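# Architecture and fold: a report
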Protein chains: 2
Amino acid sequence: MLQPLDRVRLVVDCMGGDHGPSVTLPACRAFLDSHPQAELVLVGTAQALAPAAGWPRCTQVVASEVVAMDDPVEVALRKKRDSSMRVAISQLKPGESGQAAADACVSAGNTGALMAVARYVLKTFEGIDRPAIAAMLPNQQGGFTHVLDLGANVDCTAEHLLQFAVMGSALVSALDGNEQPTVGLLNIGEEAIKGSEEIKRAGELLRAAGGAGQINFYGNVEGNDIFKGTTALVVCDGFVGNVLLKTSEGLAGMLSQMIKQEFTRSPLSKLAALVALPVLNRFKARIDHRRYSGGALLGLRGLVFKAHGSSDAYAFERAMARAYDAARNRLLDRVHQRIRNTLAAPAVVDAEAAAAEPPAKAA
Amino acid sequence: MLQPLDRVRLVVDCMGGDHGPSVTLPACRAFLDSHPQAELVLVGTAQALAPAAGWPRCTQVVASEVVAMDDPVEVALRKKRDSSMRVAISQLKPGESGQAAADACVSAGNTGALMAVARYVLKTFEGIDRPAIAAMLPNQQGGFTHVLDLGANVDCTAEHLLQFAVMGSALVSALDGNEQPTVGLLNIGEEAIKGSEEIKRAGELLRAAGGAGQINFYGNVEGNDIFKGTTALVVCDGFVGNVLLKTSEGLAGMLSQMIKQEFTRSPLSKLAALVALPVLNRFKARIDHRRYSGGALLGLRGLVFKAHGSSDAYAFERAMARAYDAARNRLLDRVHQRIRNTLAAPAVVDAEAAAAEPPAKAA
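Note that the structure is predicted; figures quoted are calculated from it, not measured. (Residues numbered from 1 in each chain as written. Chains lettered and ligands numbered in written order. Predicted model: local features only at pLDDT ≥ 70, side-chain atom pairs only at ≥ 80, totals over all residues. Heavy atoms only, no water.)

### Focus: the relation of the copies chain B and chain A
Of the transformation superimposing chain B on chain A, the axial component is 0.0 Å and the angular component is 180°, with the fit at an RMSD of 0.0 Å. Within this description, the copies of the chain are treated as partners about a two-fold rotation axis. Here 98% of the contact residues of chain B are again contact residues in chain A; the copies associate through an equivalent surface. (Least-squares fit on C-alpha atoms with pLDDT ≥ 70 in both. Contact = heavy atoms within 4.5 Å.)

### Here we look at the packing of aromatic side chains
All names here are of chain A. All told, the structure shown has two aromatic pairs over all chains when counted by the stated rule. Seen in terms of ring centroids, Phe31 and Tyr324 are 5.8 Å apart; in terms of plane orientation they differ by 70°. Their pairing is edge-to-face. Residue Phe31 is found in helix α1 (residues 21-34), and its partner Tyr324 is found in helix α11 (residues 313-328); the two are separated by 293 residues along the sequence. In this structure, Phe31 and Tyr324 share a single accessibility class: buried. (Phe/Tyr/Trp six-rings, centres within 6.5 Å; stacked < 30°, edge-to-face > 60°. Helix = DSSP H or I, 4+ residues; strand = E, 2+ residues; numbered from the N terminus. Buried < 20%, exposed > 50% of the residue type's maximum accessible area, 1.4 Å probe, protein only.)

### A closer look at empty space enclosed by the protein
Residues and elements named next belong to chain A. Across all of its chains, the model carries nine cavities of 30 Å³ or more by this definition. In this model, the largest cavity occupies a volume close to 40 Å³. Lining the largest cavity, in full, are Ala134, Ala135, Met136, His146, Leu171, Leu175, Gly294, Gly295, Ala296, Phe305 and Arg322. Where the lining of the largest cavity is concerned, the elements lending two or more residues are β5 (132-138), α6 (158-176) and β10 (295-298). Looking at which element gives the most residues to the lining of the largest cavity, the answer is β5, with three residues. Residue classes in the lining of the largest cavity are distributed as seven nonpolar, three polar and one charged. (1 Å grid on protein atoms, 1.4 Å probe; cavity = no way out; pocket = protein on both sides within 12 Å on 5 of 7 lines; lining within 4 Å. Points joined across faces, edges and corners; volume = space filled by probe spheres on them. Nonpolar A, V, L, I, M, F, W, Y, C, P; charged D, E, K, R; others polar.)

### Looking at the domain arrangement of chain A
Residues and elements named next belong to chain A. Along its sequence, chain A is organised into domain 1 (1-128 + 299-345) and domain 2 (132-289). If you average the C-alpha positions of domain 1 and of domain 2, the two centres end up 25 Å apart. Where domain 1 abuts domain 2, roughly 1,700 Å² becomes buried across the two surfaces, and 65% of that area is made up of carbon and sulfur atoms. It is Arg334, Arg338 and Thr342 that lose the most area in domain 1 upon contact with domain 2, and together they represent 34% of the buried surface on that side. Applying the counting rule to domain 1 against domain 2 returns one salt bridge. Residue Arg334 pairs with Glu179 through a salt bridge whose shortest N-O separation is 3.1 Å. Connecting domain 1 to domain 2 are six residue pairs in polar contact (both at pLDDT 80 or more). When residues of the side of domain 1 that touches domain 2 are traced back to their parent elements, those giving at least two are α5 (111-122), α11 and α12 (331-343). (Domains from an automatic or database assignment. Buried area = accessible area lost by both parts, 1.4 Å probe. Salt bridge = Lys/Arg side-chain N within 4 Å of Asp/Glu carboxyl O. Polar contact = N/O pair within 3.5 Å; in protein donor to acceptor, adjacent residues only side chain to side chain.)

### Observations regarding unusual backbone geometry
Glycine aside, a negative phi is what most residues show, and trans is what most peptide bonds show. With an omega dihedral of 5°, the bond running from Leu148(A) to Asp149(A) counts as a cis peptide bond. Phi is positive for Arg57(A), which is not a glycine, with a value near 50°. Within the secondary structure, Arg57(A) sits in the loop between α2 (46-49) and β3 (58-62). The backbone of Lys123(B) sits at a positive phi, close to 65°, despite the residue not being glycine.

### Observations regarding the pairing of strand β6 (residues 144-148) of chain A
All names here are of chain A. Among the five residues that make up β6, four are buried, leaving the element largely enclosed by the rest of the structure. Summarising the sheet, β5 and β6 pair through five bridges and their orientation is antiparallel. Pairing of Ala135 across the sheet is with Val147, part of β6. Taking the residues between adjacent antiparallel strands as the criterion, β5 and β6 are bridged by five residues, where Gly142 takes a positive phi near 90°. (Pairing = 2+ DSSP bridges.)

### A word on a nonpolar patch on the surface
A surface patch of nonpolar side chains, amounting to about 850 Å² of accessible area, comprises Leu268(A), Leu271(A), Leu274(A), Val275(A), Leu268(B), Leu271(B), Leu274(B) and Val275(B). When residues of the nonpolar patch are traced back to their parent elements, those giving at least two are α10 (267-287) of chain A together with α10 (267-287) of chain B. Mapped onto the elements of the fold, Leu268(B) is located in helix α10. Judged by its relative accessible area of 66%, Leu268(B) falls in the exposed class. (Patch = residues over 30% accessible without salt bridge, like charges linked within 9 Å, V, L, I, M, F, W, Y side chains within 5 Å. Areas by Shrake-Rupley, 256 points an atom, 1.4 Å probe, with all protein chains shown as cover.)

### Re the sheet that holds strand β9 (residues 233-235) of chain A
Residues and elements named next belong to chain A. Judged by pairing direction, the sheet is mixed, and its 11 strands sit side by side in the order β3-β2-β1-β4-β11-β10-β5-β6-β9-β7-β8 without closing on themselves. What marks the edges here is a single partner per strand, and that holds for β3 and β8 (216-221). Strand-to-strand twist of the sheet, defined as the mean angle between neighbouring strand axes without regard to direction, takes the value 25°. Bridging between β10 and strand β11 (residues 303-306) involves three bridges; their strand directions are antiparallel. Bridge pairing in β11 links Gly295 to Lys306. The strands touched by α5 within the sheet are β4 (104-107), β5, β10 and β11, with β11 carrying the most contacts at an inclination of about 175°. (Axes fitted to C-alpha atoms, helices over the stretch in contact; angles between N-to-C directions.)

### Describing α12(A)
Residue and element names in this part refer to chain A. Helix length check: α12 (13 residues) gives 17 Å between terminal C-alpha atoms against 18 Å at 1.5 Å per residue, within 8%. Within α12, burial applies to Leu331, Arg334, Val335, Arg338, Ile339 and Thr342. What you see down the axis of α12 is that its buried residues fit within an arc of 130°, all on one side. Contact partners of the buried residues in α12: α6, β10, β11 and α11. (Expected span 1.5 Å × (residues − 1). Arc of directions from axis to C-beta.)

### Overview of the environment of Pro21(A)
Residue and element names in this part refer to chain A. By secondary structure assignment, the location of Pro21 is in helix α1. Distance from Pro21 to His289, taken between C-alpha atoms, is 21 Å for residues 268 residues apart in sequence. Each residue touching Pro21, except ones within four places of it in the same chain, is listed here: Cys14, Met15, Pro26 and Ala48.

### What about the pairing of strand β4 (residues 104-107) of chain B?
Residues and elements named next belong to chain B. Neither face of β4 is exposed, since Ala104 and Val106 on one face and Cys105 and Ser107 on the opposite face are all buried. Note: strand β1 (residues 9-13) against β4, three bridges, orientation parallel. Bridge pairing links Val11 to Cys105 in β4. Examined bridge by bridge, β4 and strand β11 (residues 303-306) share four bridges and lie parallel to one another. Bridging across to β11, Ser107 finds its partner in Lys306.

### A closer look at the interface of chain B and chain A
The interface is formed by 59 residues belonging to chain B together with 60 residues belonging to chain A. For the pair chain B and chain A, the two sides together bury roughly 5,300 Å², of which 71% comes from carbon and sulfur. A per-residue breakdown of the area chain B buries against chain A is headed by Ile188(B), Phe239(B) and Arg286(B), which together make up 12% of the total. The tally of links from chain B across to chain A stands at two salt bridges. A salt bridge links Glu222(B) to Lys246(A), with the shortest nitrogen-to-oxygen separation between them at 2.1 Å.

And the structure:
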């Protein structure tokens, strides 16, 4: 078992996101109050950081440039070498002492740029072809289901899905204290015979890794299992993950709008709304996406957390809290350890056992 | 313009679905009352059909076997040759007179078996490699967004997605009277540069077909656009379609459960629920999935509609109503016409125009 870190230092890209310092600085201030052990490194332009002068447990690093939310990846990567995003991520690289200036980085900057810069600056772990983004969605059990990949990788191979399962298991163990989280492979049916050839092959790899005790593989899950909370972790390729996340956001948005419309339709409905308001507010709080803001970029030699671009101070602070928990519980070491245990010694796929699966059910 | 049919005859697989005749017969009875011009052909075991003896505008065809909801495709296809499902679908085949006994078939039987039997009995249109399933999801505009494919086809090529766009456009024109429905290609970003190689190629094919006036191509859409109602039609491969449909069902289920929990949490909440009940019921009615029950199997030489396996009489009747509208508005001729216009004379993909797309945005 890995001992939690005594001291955690987060580095914050204060310029990222739709609202920049007007959101990130209040979030940092609130975070310092709620985390009396934490230290922060604030990165931004000198002018933007001025209001934070003299804050406790806080150092500042000045960067002269800012990656805009609509900057192409190439601009972030090649033109803006002194951007707050890049300078913040660079704080995660170990110096000559072997120690890095910070344990995890949080940014609400543009996802493509963040992923590209983080990958360029930090590099991936050996055995990891592509970093992935993991996020958590609320489920019926009152907890969260972690899902990856969410948009970084299209056209994933079976090997990539296995890597996601391994890294995701490390993430859940660090955030939820669940050392053997169940892993579901997102598919279009529960039977092992379902899905594309690549998904079936992924099923075999995951089953083999499960048999070898490297992950806790549950089997195939379907879209509705995410919100049921059937498994702690669901792996899928980035295309499917992005579609399911955005579809869910769209549906939740439509339903909220419909509830609002129905409660404002007539004077009588408005009266009902008044009576129902405390209940509706509790409901709203439960599904408040800001509570589970903060995606983890996994597979890199450094912990990078992405807050939603439209984050307000509360959402950004929640992403910081998640990054803090992950760093404190040594997510990076956990990912590294699991990669070494699994991907360095891949479980042998038992073709006979795979062939002995129950017969095909109707599609 | 195609003239609507004067007389529509539906054939109903009365044995399909989780509840069989106990649901389908009351649905047929209600349908006959609400559609005074319609005629029905009821297919089922003699015993099951007995209660319907003497119904007006109704004939019966007896079948000796029933495809169970968990029968493998092979059993439905090769063993149960006198199943109600197969006999019902066979009524769509033109006889020696060139006329078929019925204009459209409705079944709540198992999807895989229905698709396989329909494909075997009816065959696909020339130019169509794979039939697809289209369904409609409610959107914020107060209307519906049609989505296909929903689970029948994994690993779709760009050509398949073009076929879905063409068939789906015919469906929307028949059901909604919208002759040039907008078509969106489901992707992970709006820019033409996004997505897998196959999706990008599909974008080129669809853009070319749009340029040639064969479809009304809008461009890429994202998951949230489905519920926004950005386009009338959204095309995607069957894997993604199945995941997004089931994810949406799961999320809607979780949110309903949470609303219920919040309104029953305390005596005060229950009081609020009492006051809010009419409003909540109106909300519930708006998102009632039974209202838009009924997926269309497209690409076959016959109109087959699939009702949800768990349909109650109301949901099954809605699926019948949809099949009736589609048959009356000559969906089959519309599909055939569009296939001839588009796929027989494919638009030339303009590689230069494709290359002149706006530059890549951040991933």
